[in-house]
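Okay, here's what each chain looks like letter by letter:
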Amino acid sequence: MNDKSELLQQLKIDRNSPPESTGIKIWQLILAVIVCVALAIWLTLEFLVPSNSVTASSGVVASTSVNQNPANVEQANQPAKVLENKSILNSSGYITARRMATVSSEVMGLITEVNVEEGMNVEQGQILARLDDAIAQVNFDYAVAQIAVLEARRKSTIANLDEAKSAYQRVLKNTYSSDAERTRAFATQQSLLANLESADADLLLAKIEVRRQQERLDDHTIRAPFSGVVTQKNAQPGEIVAPSSAGGGFTRTGICTIVDMSSLEIEVDVNEAFIGRVYPGQKVEATLDAYPDWLIPASVIATIPTADRAKATVQVRIKIESSDPRILPDMGVKVGFLKE
């Protein structure tokens with residue numbers, strides 16, 4: 001009986017006792033973290049340490065080979081040179097041309113010929129375009145004809161004057177001539193002298209008129225004011241050029257735009273708080289946005305003696321020391337003002 005009661009006691013479930021935990025123990029979680037950390041350290045040592053050791057060993061081999069050559073010992077022991085930044089101020093701006101002109105005519109007229117295209121090099125005095133000059137040519141021919149008429153009139157006056165002088169001399173020598181005849185001959189001579197002076201004045205005026213009409217005629221031929229490159233072509237044959245106003249769709253104010261590439265320079269805006277670091281003749285290194293690896297030597301020309309109130313900046317003109325066809329107007333540029 002005692003054995004049976006003991007067995008029954010063993011089979012009895014005690015509902016007051018706390019249930020056994022079946023989840024992850026705290027010590028198990030800590031152990032898992034430690035294993036992960038150890039695994040990470042092992043992977044780091046496995047993949048990084050060998051490359052470093054190879055680098056170190058290669059450095060040893062290199063130093064050994066250098067030591068074997070006495071000529072390279074001094075070069076190997078020198079430290080690597082570090083490029084130090086010599087600029088004391090940086091700014092940005094644009095390439096500008098000091099000589100740039102939109103070429104037009106002084107008179108209004110119909111364009112009959114345009115001899116330029118974009119990108120063309122032109123020389124000073126080269127014909128760029130022509131206007132219809134039919135009326136101007138007629139006026140010029142009329143002025144030339146007036147000179148011919150006045151020259152013939154002057155020759156007639158000179159002939160009459162010579163005759164009047166001879167008649168006056170005869171009257172003076174004759175003893176039978178009256179005082180009235182002498183007076184009349186003298187008056188005729190003086191009148192013809194006055195007519196000759198008037199003819200000379202008219203002839204001079206006619207020559208001036210010819211020059212004026214010549215200038216008017218030349219205004220219908222448009223020439224390059226200076227040597228440069230055509231950057232814009234603004235007109236075509238058949239259109240009307242009117243420099244005073246734009247007019248309609250077929251009326252132009254200019255023929256083309258010419259830029260003197262030898263007059264290119266850099267204009268940058270410098271904060272007025274740092275303008276004291278800039279002075280004329282200061283060396284500058286410029287870099288075009290299009291060619292960031294190309295250093296362009298330059299120098300400060302002048303500081304414009306006025307400030308922009310809105311931006312609190314002062315404009316600085318910079319001279320480009322070396323000309324290059326890659327430098328174009330209105331390109332973006334960054335500059336560094338160098339130390340003295």
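Residues numbered from 1 in each chain as written. Predicted model: local features only at pLDDT ≥ 70, side-chain atom pairs only at ≥ 80, totals over all residues. Heavy atoms only, no water.

Digging into the sheet that holds strand S9 (residues 251-252)
Item 1. The strand order across the open sheet formed by 5 strands is S6-S5-S3-S8-S9, and the pairing between neighbours is mixed. Because the sheet does not close on itself, it has two edges, and the strands there are strand S6 (221-223) and S9.
Item 2. Sheet topology places strand S3 (residues 109-114) next to strand S8 (residues 240-241); 2 bridges connect them, and they run antiparallel. By the bridge assignment, Leu110 is partnered in S8 with Ile240. (Pairing = 2+ DSSP bridges. Helix = DSSP H or I, 4+ residues; strand = E, 2+ residues; numbered from the N terminus.)

A word on the pattern of salt bridges
Item 1. Tallying each qualifying case throughout the model produces 11 salt bridges.
Item 2. A salt bridge links Asp289 to Lys334; the shortest N-O distance between them is 3.0 Å. Of the two residues, Asp289 is situated in the loop between strand S12 (283-288) and strand S13 (295-308) and Lys334 in strand S15 (residues 332-338); the sequence distance between them amounts to 45 residues.
Item 3. With a shortest N-O distance of 3.0 Å, Asp324 and Arg326 are connected by a salt bridge.
Item 4. Of the residues examined, Asp324 reaches a relative accessible area of 23% and is grouped as partly exposed.
Item 5. The network of salt bridges with shared partners includes Arg98, Glu265, Glu267 and Arg317. (Salt bridge = Lys/Arg side-chain N within 4 Å of Asp/Glu carboxyl O. Buried < 20%, exposed > 50% of the residue type's maximum accessible area, 1.4 Å probe, protein only.)

Some words on the pairing of strand S7 (residues 228-233)
Item 1. Examined bridge by bridge, strand S4 (residues 121-122) and S7 share 2 bridges and lie antiparallel to one another. The residue bridging Asn121 from the neighbouring strand is Val229, located in S7.
Item 2. Here S7 runs beside strand S10 (residues 256-259); their pairing, made up of 4 bridges, is antiparallel. If you follow Lys233 over to S10, its bridge partner there is Cys256.

Section: the pairing of S13
Item 1. Pairing between S12 and S13: 5 bridges, direction antiparallel. Its bridge partner lying in S13, Val284 is registered against Ala298.
Item 2. In textbook terms, the turn of a hairpin is the stretch between consecutive antiparallel strands, and for S12 and S13 this stretch comprises 6 residues.
Item 3. When S13 meets strand S14 (residues 313-320), the two strands line up antiparallel, connected through 7 bridges. Opposite Ala298, over in S14, you have Ile320 as the bridge partner.

Remarks on the environment of Arg153
Item 1. The topology assignment puts Arg153 in helix H5 (residues 134-173).
Item 2. Sequence separation between Arg153 and Leu196 is 43 residues; the distance between their C-alpha atoms is 9.0 Å.

Observations concerning unusual backbone geometry
Where the residue is not glycine, phi is negative for most of them; where a peptide bond is considered, it is trans in most cases.
Item 1. Of note in the backbone geometry, Ala312 takes a positive phi value of approximately 55 degrees without being a glycine.
Item 2. Along the chain, Ala312 falls in the loop between S13 and S14.
Item 3. With relative accessibility at 26%, the residue Ala312 sits in the partly exposed group.
Item 4. For Asp330, which is not a glycine, the phi torsion comes out positive at approximately 70 degrees.
Item 5. By the secondary structure assignment, Asp330 is in the loop between S14 and S15.

Concerning the sheet that holds S12
Item 1. Around the barrel, 6 strands lie side by side as S1-S11-S14-S13-S12-S15; this closed barrel has antiparallel pairing. Strand-to-strand twist of the sheet, defined as the mean angle between neighbouring strand axes without regard to direction, takes the value 40 degrees.
Item 2. Bridge analysis of strand S1 (residues 87-97) against strand S11 (residues 264-271) gives 5 bridges, and the strand direction is antiparallel. Note that in S11 the partner of Gly93 across the bridge is Val268. (Axes fitted to C-alpha atoms, helices over the stretch in contact; angles between N-to-C directions.)

Re the side chain of Ser91
Item 1. If you trace the backbone, Ser91 turns up in strand S1.
Item 2. With relative accessibility at 14%, the residue Ser91 sits in the buried group.
Item 3. In terms of polar contacts, Ser91 uses its side chain to reach the backbone carbonyl oxygen of Asp269, at 2.9 Å.
Item 4. Not counting the four nearest positions on each side in its chain, Ser91 is found in contact with Val268, Asp269, Val270, Val333, Lys334, Val335 and Phe337. (Polar contact = N/O pair within 3.5 Å; in protein donor to acceptor, adjacent residues only side chain to side chain. Contact = heavy atoms within 4.5 Å.)

What about H5?
Item 1. The terminal C-alpha atoms of H5, which comprises 40 residues, lie 59 Å apart, in line with the 58 Å expected from a rise of 1.5 Å per residue.
Item 2. Along H5, the residues that are buried comprise Ala136, Phe140, Ala143, Ile147, Leu150, Thr157, Leu161, Ala164, Tyr168 and Val171.
Item 3. Turning to H5, the residues buried within the fold contact helix H6 (179-218). (Expected span 1.5 Å × (residues − 1).)

Brief notes about the side chain of Gln189
Item 1. Tracing the backbone through its elements, the reader meets Gln189 in helix H6.
Item 2. Overall, Gln189 belongs to the buried group, its relative accessible area being 13%.
Item 3. In this structure Gln189 touches Leu161, Ala164, Lys165 and Tyr168, once residues within four positions along its chain are discounted.

Some remarks on the packing of aromatic side chains
Item 1. Summed over the entire model, instances satisfying the criterion amount to 1 aromatic pair.
Item 2. Taking 6.0 Å as the distance between ring centres and 80 degrees as the angle between the ring planes, the aromatic pair formed by Tyr291 and Trp294 counts as edge-to-face.
Item 3. Judged by its relative accessible area of 18%, Trp294 falls in the buried class.
Item 4. Of note, Arg326 hangs over the ring of Trp294, and the distance from its end group to the ring centre comes to 3.8 Å. (Phe/Tyr/Trp six-rings, centres within 6.5 Å; stacked < 30°, edge-to-face > 60°. Lys NZ or Arg CZ within 6 Å of the ring centre and 35° of its normal.)

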